[in-house]
Amino acid sequence: LIPAYNEARVIASVIRNLQSHNHKNILIIDDGSSDDTFQKASETGVEVLQQIINRGQGAALKVGINYLAQTVRPDIIVTFDADGQHRPQDIPTLVAPIVNDQADIVLGSRFLDQKKPIPFMRKIILRLGILFTNTLSHVQLTDTHNGLRALNRKAYTSIHITHRGMEHASDIIEEISTKKLRYTEVPVHIAYTNYSI
């Protein structure tokens, strides 16, 4: 599940990269883009839902999760960013704890296995966000605002995203605590480029 807003420059390559790693069930939510995101994504042959206006990443994820829950009811939903930061190679590691019935939701963490440096200011902002979210949610994570995550059916049908924007990440973490979902983190690698930053 990939929410996308004005990602025409990279969305096709992100999709093709996923397809080249044998990920075929891909849903794009074009969140009211003013560029050619919808067209570029549609040309790859994946399913694309188009929102008429931009409502924010949280709202796009909510639309996608609700759509999948009402149609195909997948065993697992993986959320994946549209800007090329995430790697398809991390998906098997991400879903393994769910496949092995060890977790209901798995969150990617860029801090568990740091092979590439994170830009200094990005690291400071992320660390402050982690401290804030962990304190409020009572869920202890090393990376609270990573868009690469996997949810089993219990998780995606019980989690309610209320914020339209980037705050949705905190919604999900609060819901982990409230709904008493089993959770874990796994190391993932983020590709920081001039475009994605």
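For every chain, the first residue of its written sequence is number 1, and the numbers climb from 1 along that sequence. Side-chain atom pairs in this predicted model are given and counted only at pLDDT of 80 or more, local residue features only at pLDDT of at least 70, and totals for whole chains, interfaces and linings cover all residues. The basis for the side-chain values is all heavy atoms of the structure; hydrogens and waters are excluded.

1. A word on the sheet that holds strand 6 (residues 149–152)
A pair of strands is labelled paired if DSSP reports no fewer than 2 bridges between them. Under the scheme used here, helices are H or I runs from DSSP no shorter than 4 residues and strands are E runs no shorter than 2 residues, and both carry numbers assigned from the N terminus. Read across the sheet, four strands follow the order 4-6-5-7 without closing on themselves; strand pairing throughout is mixed. Two strands bound the open sheet, and with one partner strand each, they are strand 4 (76–79) and strand 7 (183–187). Looking at each pair of strands side by side, their axes are set apart by 20 degrees on average, direction ignored. Sheet topology places strand 4 next to strand 6; four bridges connect them, and they run antiparallel. Residue pairing in the sheet places V78 in a bridge with A150 of strand 6. Angles shown run from 0 to 180 degrees and are taken between the N-to-C directions of axes, each axis being a line fitted to C-alpha atoms and, for helices, limited to the stretch in contact.

2. Structural notes on the pattern of salt bridges
Salt bridges are counted wherever a side-chain nitrogen of Lys or Arg sits within 4 Å of a carboxyl oxygen of Asp or Glu. Under the definition given, this model contains six salt bridges. The salt bridge involving D101 is made with R182; its shortest N-O contact spans 3.0 Å. In this pair, D101 is assigned in the loop between helix 4 (91–99) and strand 5 (105–109) and R182 in the loop between helix 7 (168–178) and strand 7, connecting sequence segments 81 residues apart. One salt-bridge network, in which partners are shared between bridges, spans D101, D104 and R182.

3. Description of the nonpolar core
Here, the term nonpolar core denotes a set of buried Ala, Val, Leu, Ile, Met, Phe, Trp, Tyr and Cys residues that are joined through side-chain atoms within 4.5 Å. Burial classification: accessible surface area is computed with a 1.4 Å probe over protein chains only, and a residue below 20% of its type maximum counts as buried, one above 50% as exposed, and the rest as partly exposed. Within the largest apolar cluster, 26 residues are counted, with the highest numbers of intra-cluster contacts made by I2, I11, I28 and L94. Broken down by secondary-structure element, the contributors of at least two residues to this core are strand 1 (2–4), helix 1 (11–20) and helix 4. Residue contacts follow a heavy-atom distance rule, with two residues in contact if any of their heavy atoms lie within 4.5 Å. Excluding its chain neighbours within four sequence positions, the residues that come into contact with I28 are I2, A4, I11, I15, A41, V46, E47, V48 and L49. In terms of nonpolar packing, the next biggest core, distinct from the first, is built from 22 residues, L27, I29, A60 and L107 among them.

4. Comments concerning helix 7
It helps to recall that an α-helix has 3.6 residues per turn; residues three or four apart then point in one direction. Counting buried positions along helix 7 yields eight of 11 residues, so the element is predominantly enclosed. Of all the positions in helix 7, only H168, A169, S170, D171, I172, I173, E175 and I176 are classed as buried. Looking at the residues trailing helix 7, positive phi occurs at K180, about 55 degrees.

5. Details of the pairing of strand 5
Most of strand 5 sits inside the fold, with five of its five residues counted as buried. Judged by which residues are buried, strand 5 turns out to be covered on both faces: I105, L107 and S109 on one side and V106 and G108 on the other are all buried. In this structure, strand 5 lies alongside strand 6, joined through three bridges in antiparallel fashion. Paired with V106 across the bridge in strand 6 is A150.

6. Quick notes on helix 4
Residues of helix 4 that are buried: I91, L94, V95, P97 and I98. Buried residues in helix 4, looked at end-on, bunch into an arc of 145 degrees, giving them a common side. Buried-residue contacts for helix 4 involve helix 1, strand 4, strand 5, strand 6 and strand 7. Remark: D101 follows helix 4 within two positions and exhibits a positive phi of approximately 55 degrees. Think of it as the arc spanned by the lines of direction from the helix axis to the C-beta atoms.

7. A short note on the side chain of E7
The topology assignment puts E7 in the loop between strand 1 and helix 1. Not counting residues up to four positions away in its chain, the partners in contact with E7 are D35, T37, A82, D83 and Y195.

8. A look at the sheet that holds strand 3 (residues 47–51)
Strand order in the open sheet formed by three strands is 1-2-3, with parallel pairing between adjacent strands. Unpaired on one side and paired on the other, strand 1 and strand 3 mark the two borders of the sheet. Taking the axes of each pair of neighbouring strands and ignoring which way they run, one obtains an average angle of 20 degrees across the sheet. By the bridge criterion, three bridges tie strand 1 to strand 2 (residues 27–31) in an arrangement that is parallel. The partner of A4 across the bridge, within strand 2, is D30. Strand contacts of helix 3 (residues 57–70): strand 1, strand 2 and strand 3, with the helix running at about 140 degrees to strand 2, the strand carrying the most contacts.

Honestly, it's all geometry; don't read function into it.
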